[in-house]
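# Structural features, examined
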Amino acid sequence: MTRTEAVMGAIRAKIASGALGVGDRAPSIRGCARSLGVSPSTVVEAYDRLEAEGVIQGRRGSGFYVARADAQPLVIAPIEETRERDLDPFWISKQSLDADPSLAAPGCGWLPSDWMPHLALRRGLRGLSRAPERVLTQYGSTRGAVALRRLLQARLADEGVAAGLDQFLLTGSGTQAIDMICRLLVRPGAVVLVDDPCYFNFRALLQAHDVQVVGVPYTAAGPDVAVFEQRMVEHRPQLYITNSALHNPTGASLSPQVAHQVLRAAAAHGLTIVEDDIFADFEPTPSPRLAVLDGLDRVIRIGSFSKTLSASVRCGYVAARPDLIERLVDLQIATNFGGPSPLAAELVAAVLGGGGYRKHMDEVRRRLVRARTEAIARLVPLGLQPWVRPRGGFYLWCRLPEGQDSGLIARRCLAEGVMLAPGDTFSVSQSAAGFLRFNVAHMGDARIFDTLRRAMAG
């Protein structure tokens, strides 16, 4: 307990005991400081916090007075989330986001905190303390910080796409970017194609938009093109959402042949493609990108920095045709009164533009190679086989032995403090019960494998 908290506790105790009633004057700042052996500034801070909680009320020139008799700090009883709910996309999100720190989480979708660039983030935060006042206090511009958009423009130019600065829009996150695209381009009841399996939150987000989600089987080289073309003829979808590189959950990457076939089919049927490129920096060398091959005509590129820099600093982006960006700008003003926090955008720009980012990602990729090798070596003896051996990233999509159900195994493991990602949470057709997705960066805890062995044995 800090000294400030001790002062707050002492005042609350006086109110609880009846020594101070509603309307009574609280001890003066100097008197309270003398009696408790603390500095007056500590009492000032304690009184300010008690006033913010509504326990006491200040009166100019007269001191502080008790505002309510119930002076105990508000305690909200935790909601007991049932672990027996359906294993839908929300199940894995809630288990991951609300996890107790003691929980082993090989099913989560991000890097451990100690893998992230803390020093670069702290340097960036110190730099922001010297930023112009408008960055600290004002709304951001409608398209977002110019510095970050220029960095994104240079990155796309390195890939071979000459896009203007007006083709980039910063958003609150990658998820928000997809949400706005769906608001703009699809209506309730429309058909949206996704990979099967796909990132589970694509399914959750599309469910919120009340659209019909249709899956396309995903192969080690990308979507099954024959089925892709069949789905377009049968359903006339308006949108296709995918990861081209280090696909979530499979870890596979799009082949050049499949990429060209997908773009030809999309052009023939007037389909817009959303390419989520969030894992780009985890690749040792770039694989084909739909946005690059298409030149941002039918393809919309989205991404964010939560996987490589910080999930706490939410900032995403959209790269698309100027006319689409203009409409998305208006939509973002209507729904969010502008883009992401200028503080978030400037911090991301400072870290990305610093010399340490490339070194950070080089080290992350090296660590992931080791972690992936070690995880496979420990999973295979349990009967779990990687569906593909990814070129990079932190996901392993593993097939269970015949007859095993990943949902049942996930529930058993969760009861023992290990959170897994069962296959059907990623599958539109619910055909992935024989798979688990592992995050190799979170598999250093030996109890994961012992718990998994017991769960598989029943």
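Just above, that's the structure.
Here the structure is a predicted model, which is why all the values come from computation and not from measurement.

With that settled, consider the overall build of the protein chain. When helices and strands are tallied, the protein chain shows 17 helices and 14 strands. The C-alpha extent of the protein chain, read off along each of the three principal axes, is 80 × 55 × 45 Å. When the 458 residues of the protein chain are sorted by exposure, 51% land in the buried category. Pairs at least 24 apart in sequence give 73% of the contacts found in the protein chain among residues at least 6 apart. Accessible surface for the protein chain amounts to roughly 21,200 Å². Of this, 51% is attributable to carbon and sulfur atoms. In the protein chain, which carries 52 positive and 46 negative side-chain charges, the distance between the mean positions of the two groups comes to 6 Å.

Moving on: the packing of aromatic side chains. Within the structure shown, the criterion is met by 14 aromatic pairs. Ring centres of Tyr47 and Phe64 lie 5.1 Å apart, and the angle between their planes is 70°; on these two criteria the pair is classed as edge-to-face. Note that Tyr47 is positioned in helix 3 (residues 40-52) and Phe64 in strand 2 (residues 63-66), a separation of 17 residues in sequence. For the residue pair Tyr47 and Phe64, the accessibility class agrees, reading buried in each case. Seen from their ring centres, Phe394 and Tyr395 are 4.8 Å apart, and the 75° between their planes marks the pair as edge-to-face. Given the relative accessible area of 1%, Phe394 is considered buried. Tyr395 gets classed as buried once you look at its relative accessible area, which sits at 4%. What links up through ring pairs into an aromatic cluster is the set Tyr199, Phe200, Phe202, Trp397, Phe426 and Phe435. Sitting over the ring of Tyr65, Arg59 keeps its end group 3.9 Å from the ring centre.

Right, let's talk about the sheet that holds strand 6 (residues 222-223) for a bit. With respect to topology, 8 strands assemble into an open sheet ordered 3-10-9-8-7-4-5-6, the strand pairing being mixed. The sheet is open, and its two borders are formed by strand 3 (168-171) and strand 6, each paired with just one other strand. Strand direction decides the pairing type here: strand 4 (residues 191-196) and strand 5 (residues 212-219), joined by 6 bridges, are parallel. Each bridged residue has a counterpart across the sheet, and for Asp195 the counterpart in strand 5 is Val216. Together, strand 4, strand 5, strand 6 and strand 7 (239-242) form the strand contacts of helix 10 (residues 225-235), whose direction differs from that of strand 5 by roughly 165°. Sheet strands in contact with helix 13 (residues 322-336) are strand 3, strand 9 (299-304) and strand 10 (316-319), and its direction is about 25° off that of strand 3.

Parameters at a glance
- In every chain, residue numbers begin from 1 and rise along the written sequence.
- Restriction of local features to residues with pLDDT of at least 70 applies here, the model being predicted, together with a cutoff of 80 or more for giving and counting side-chain atom pairs; totals for whole chains, interfaces and linings are based on all residues.
- Neither water nor hydrogens contribute to the side-chain values; these are computed over all heavy atoms in the structure.
- Only runs of H or I of at least four residues qualify as helices and only runs of E of at least two qualify as strands under DSSP, and these elements are numbered from the N terminus.
- Whether a residue is buried, partly exposed or exposed follows from its accessible area with a 1.4 Å probe, protein chains only, as a fraction of its type maximum: under 20%, in between, or over 50%, in that order.
- By the convention used here, residues are in contact when the closest approach between their heavy atoms is within 4.5 Å.
- Note on areas: Shrake-Rupley, 1.4 Å probe, and residue coverage restricted to the protein chains presented here.
- Asp and Glu are treated as the negative residues and Lys and Arg as the positive ones, with His and the ends of the chain left uncounted.
- Where a charge sits is defined by one atom per residue type, namely NZ (Lys), CZ (Arg), CG (Asp) or CD (Glu).
- Pairing of aromatic rings covers Phe, Tyr and the six-membered ring of Trp, with a centre-to-centre limit of 6.5 Å; geometry is then stacked below 30 degrees between planes, edge-to-face above 60, and tilted otherwise.
- Charge over a ring is defined by NZ of Lys or CZ of Arg lying within 6 Å of the ring centre and within 35 degrees of the ring normal.
- Note on pairing: DSSP must find at least two bridges between two strands before they are called paired.
- A fitted line through C-alpha atoms represents every axis, and for helices the fit uses only the stretch in contact; the resulting angles, taken between N-to-C directions, go from 0 to 180 degrees.

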